[in-house]
Amino acid sequence: MSGTSLDGLDVALCSIEGYGLDTKLELVQFETVYYKTDFKNEIKSIFSKKNIDLEKLCLLNSWVAKQHANIVNALLKKWNLLNEEVDLIASHGQTIYHAPKSLHRQEKFGNATLQIGDGDHLAVATRIITISDFRQKHIAAGGEGAPLAVYGDIILFSKKGEDRVLLNIGGIANFTYLPASQDAAEIICTDTGPGNTIMDNYIQQQFPGKYFDENAAIAFQGKINTALLNTLKDDVFFRRPLPKTTGPELFNLDYLLQKKIESKTEDISAEDTMATLNRFTAETISTAIKYTIGNATLIISGGGVHNCLLIKNIIELLPKFTIATAKDFGIDPDAKEAILFALLANETVCAHVKLSGVSLGKISFPS
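What you see is a predicted model; the values in this text were computed from it and never measured. Throughout this document, residue positions are counted from 1 along each chain, in the order its sequence is written. Totals for whole chains, interfaces and linings use every residue, but because this is a predicted model, local features are given only for residues with pLDDT of at least 70 and side-chain atom pairs only at 80 or more, for both listing and counting. Working from all heavy atoms in the structure, the side-chain values ignore hydrogens and water.

Draft legend 1. Here's a closer look at the pattern of salt bridges. A pairing counts as a salt bridge when a side-chain nitrogen of Lys or Arg comes within 4 Å of a carboxyl oxygen of Asp or Glu. Under the criterion given, the structure shown has 14 salt bridges. With a closest N to O distance of 2.8 Å, K78 and E31 form a salt bridge. Taken together, the residues span a long stretch of sequence, with K78 in helix α2 (residues 54-78) and E31 in strand β2 (residues 24-34) at a distance of 47 residues. The classification of residues rests on relative accessible area computed with a 1.4 Å probe and restricted to protein chains. Under 20% of the type maximum is buried, over 50% is exposed, and intermediate values are partly exposed. Overall, the relative accessible area of 23% leaves E31 in the partly exposed class. Here E262 and K259 are joined by a salt bridge, their closest N and O atoms 3.7 Å apart. One end of the pair, E262, and the other, K259, are both in helix α11 (residues 253-263), three residues apart, so they sit about a helical turn from each other. A residue is classified by how much of its surface remains accessible, and E262, at 42% relative accessible area, is partly exposed. Salt bridges sharing common partners tie together K233, R279, E283 and E316. Note on conventions: DSSP H or I runs of at least 4 residues are helices, E runs of at least 2 residues are strands, and numbering of each starts at the N terminus.

Draft legend 2. Up close: the side chain of T176. Mapped onto the fold, T176 is located in strand β8 (residues 172-178). Two N or O atoms count as a polar contact when they lie within 3.5 Å, although within protein this holds only if one can serve as hydrogen donor and the other as acceptor, and sequence-adjacent residues are included solely when both atoms are side-chain atoms. Of note is the side chain of T176, whose polar atom sits 2.7 Å from the side chain of D153. For T176, the contacting residues outside a window of four places in its chain are A149, V150, D153, R164, V165, L166, I187, I188 and C189. Throughout, a contact is declared for two residues whenever any of their heavy atoms are within 4.5 Å.

Draft legend 3. Up close: the packing of helix α12 (residues 270-292) against helix α13 (residues 308-317). Angles shown run from 0 to 180 degrees and are taken between the N-to-C directions of axes, each axis being a line fitted to C-alpha atoms and, for helices, limited to the stretch in contact. Packing of α12 against α13 brings their axes to within 9 Å, and their N-to-C directions diverge by 35°. Crossing geometry of α12 relative to α13 is assigned as right-handed. Here α12 contributes N278, R279, T281, A282, E283, I285, S286 and K290 to the contact with α13, which in turn contributes L309, L310, N313, I314, E316 and L317. Here the residues of the contact of α12 with α13 are counted per class, giving six nonpolar, four polar and four charged. The crossing is said to be left-handed when, going from far helix to near helix, the turn is anticlockwise and less than a right angle, and right-handed when the turn is clockwise. Note on residue categories: nonpolar means Ala, Val, Leu, Ile, Met, Phe, Trp, Tyr, Cys or Pro, charged means Asp, Glu, Lys or Arg, and polar means any other residue, Gly included.

Draft legend 4. View of helix α6 (residues 149-157). With eight of its nine residues buried, α6 lies for the most part within the structure. Buried within α6 we find A149, V150, Y151, G152, D153, I154, I155 and F157. Looking at the buried positions of α6, the neighbouring elements they touch are α5 (134-140), β7 (164-169), β8, β9 (188-194), β10 (297-301) and α14 (336-349).

Draft legend 5. Inspection of the pairing of β8 at higher detail. Most of β8 sits inside the fold, with seven of its seven residues counted as buried. Of the two faces of β8, the one lined by I172, N174, T176 and L178 and the one lined by A173, F175 and Y177 are each fully buried. Across six bridges, the pairing between β7 and β8 is antiparallel. Across the sheet, residue L167 finds its bridge partner in β8, namely F175. The pairing of β8 with β9 spans six bridges and is antiparallel. Strands are treated as partners if at least two bridges between them are detected by DSSP.

Draft legend 6. The arrangement of a nonpolar patch on the surface in detail. A contiguous nonpolar surface patch, about 270 Å² in accessible area, is contributed by V349, I363 and F365. A relative accessible area of 42% places V349 in the partly exposed class. Residues qualify for a patch when their relative accessible area is over 30% and they have no salt bridge, like charges being joined within 9 Å and the nonpolar side chains of Val, Leu, Ile, Met, Phe, Trp and Tyr within 5 Å. Computed with a 1.4 Å probe, the accessible areas rest on the Shrake-Rupley method; for each residue, only the protein chains presented here act as cover.

Draft legend 7. Main features of the packing of aromatic side chains. Aromatic pairs are defined between Phe, Tyr and Trp rings, using the six-membered ring for Trp, whenever the two ring centres lie within 6.5 Å; interplanar angles under 30 degrees are classed as stacked, those over 60 as edge-to-face, and all others as tilted. If you walk through the whole model with that rule in mind, you get 11 aromatic pairs. Relative to F39, the ring of Y35 has its centre 4.0 Å away and its plane inclined at 25°; by these criteria the two rings are stacked. F39 matches Y35 in its accessibility class, with the two residues each being buried. Against the face of F237 rests K244, its NZ or CZ located 4.5 Å from the ring centre. For a ring to carry a charge above it, either NZ of a lysine or CZ of an arginine must fall within 6 Å of the ring centroid while also lying within 35 degrees of the normal to the ring plane.

Draft legend 8. Highlighting helix α7 (residues 197-206). For α7, the set of buried residues is T197, I198, M199, D200, Y202 and I203. The secondary structure elements touched by the buried residues of α7 are β8, β9, α8 (217-220), α11 and α12.

As structure tokens, then:
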């Protein structure tokens, strides 16, 4: 799994037995291999931009797959495993543009999304059958291509008699509501808005050499600017009904700059900006969750789980919720998304469409 934060590739080695609600999964190994500056710069040259070098896009589609294959091969060697011992690779690829119709607003076009890192190249370079391109079938079947966490969340976390909300805070924040009734018709899976994306980008812009606000050290030094906070929350996306999806195509530094201009807060400090952005993420998450359900067990995963101020804000804003992390349920919070795609690949090869309604992913053979 490689997300919009562009920090690295999450690689989860999973042992899976069965399928659907009878699935048994063991996380055998997990590691995040952090991307080098050159890799990040190449992706950033086309990431979330309307106008790009088309030749560069074409070249990077196979190049990214080969870089990911090198990482997989190196980790398998480190873990003393032969490639032939692995049945499948589940590859999310690298999202470079997410374009739901609600964002592009072009009447003749539908929802669209694009992930690069071609599955055929990955399969050939690793000699392992690869399942990739999970989001296209979701769109073809009428969805927006994101979020897809619901399918794995049901398998791993659904519990009869207990309402649960699975919150993932990556670049974009999303949650899955799993009702105590286990009635599929009541399940909601939706994006809420920004997770870490604007905060991380702002840190990278203002503090060269830093990629994120470690331990929320900078945000803790600042004060929330109410004028900016209210303006940040004033966007049509937040008024749209759930479920919905978004991406850094909307929530980026240009969005922040425009909201600063509107609120006349261009001159506030970096510390105050970070404190406000942190609260912005927390409030948009909590508002969307409270809109869905009054109280439940909230289980948090993703990179945002390490942002102590963000978690503090969420706890404050959701006082009726029991707050936990995926780790409390035996799942590494950092590995959760990679695990979810492993589960999707397993569902695909088992041809089990009862749970998801549609089989996701394309199959690439090594030869």
